[in-house]
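Geometric and topological summary
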Amino acid sequence: MHKIAVMGSRTSVYGFAALGLDTYFVTEAEEAVKLIRQLEREEYAVIYITEAVAAQIPGELKRIAEQPVPAIIPIPGVQGNNGMGMNAVRDNIIKAVGSDI
């Protein structure tokens, strides 16, 4: 069975454990890349990642985007929203529809 993970700073992702999601505390690019590769091997289907961490590893996110799983979904952290999540949604809509709606 596939699992769902949330990764980012402790203060940003700690509450997701109450929802039954697996939480991982990372803030540095190197540890984020290692963790994503570990979660891939463990058959995670969805990985929520704070925008602050995602912004540090664009190459790894691009590599993952070319695969069917896991889906990497940027979420705002406690520091706020930098627009990365909405930009990713807009890019996917453009791919699916062919234009920016």
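Let us look at the structure shown here.

Scoring rules and cut-offs
- Residues numbered from 1 in each chain as written.
- Predicted model: local features only at pLDDT ≥ 70, side-chain atom pairs only at ≥ 80, totals over all residues.
- Heavy atoms only, no water.
- Helix = DSSP H or I, 4+ residues; strand = E, 2+ residues; numbered from the N terminus.
- Polar contact = N/O pair within 3.5 Å; in protein donor to acceptor, adjacent residues only side chain to side chain.
- Contact = heavy atoms within 4.5 Å.
- Phe/Tyr/Trp six-rings, centres within 6.5 Å; stacked < 30°, edge-to-face > 60°.
- Lys NZ or Arg CZ within 6 Å of the ring centre and 35° of its normal.
- Expected span 1.5 Å × (residues − 1).
- Buried < 20%, exposed > 50% of the residue type's maximum accessible area, 1.4 Å probe, protein only.
- Arc of directions from axis to C-beta.

1. Considering the side chain of Glu 60
Checked against the element boundaries, Glu 60 lands in helix 4 (residues 58–65). Side chain to side chain, Glu 60 and Arg 37 meet in a polar contact 2.9 Å long. Aside from chain neighbours lying at most four places away, what touches Glu 60 is Val 33, Ile 36, Arg 37 and Glu 40.

2. As for the packing of aromatic side chains
Under the criterion given, the structure shown has two aromatic pairs. Centre to centre, the rings of Tyr 24 and Tyr 44 are 6.4 Å apart; their planes meet at 80°, and the pair counts as edge-to-face. Taken together, the positions of Tyr 24 in strand 2 (residues 22–25) and Tyr 44 in strand 3 (residues 44–50) put the pair 20 residues apart, joining distant regions of the chain. Stacked on the ring of Phe 25, the Lys or Arg Arg 10 has its end atom at 4.1 Å from the ring centre.

3. Some details on helix 2 (residues 29–41)
Along an α-helix, a turn takes 3.6 residues, which lines up residues three or four apart on a common side. Between the first and last C-alpha of helix 2 there are 19 Å, a value that for 13 residues agrees with the 18 Å anticipated at 1.5 Å per step. For helix 2, the full list of buried residues reads Ala 32, Val 33, Leu 35, Ile 36 and Leu 39. Seen from one end, helix 2 has its buried residues packed into an arc of 165°, which puts them on one side. Exposed residues pointing more than 90 degrees away from the buried face of helix 2 are listed as Glu 30, Lys 34 and Arg 41. Looking at the buried positions of helix 2, the neighbouring elements they touch are strand 1 (3–8), strand 2, strand 3, helix 3 (51–54) and helix 4.

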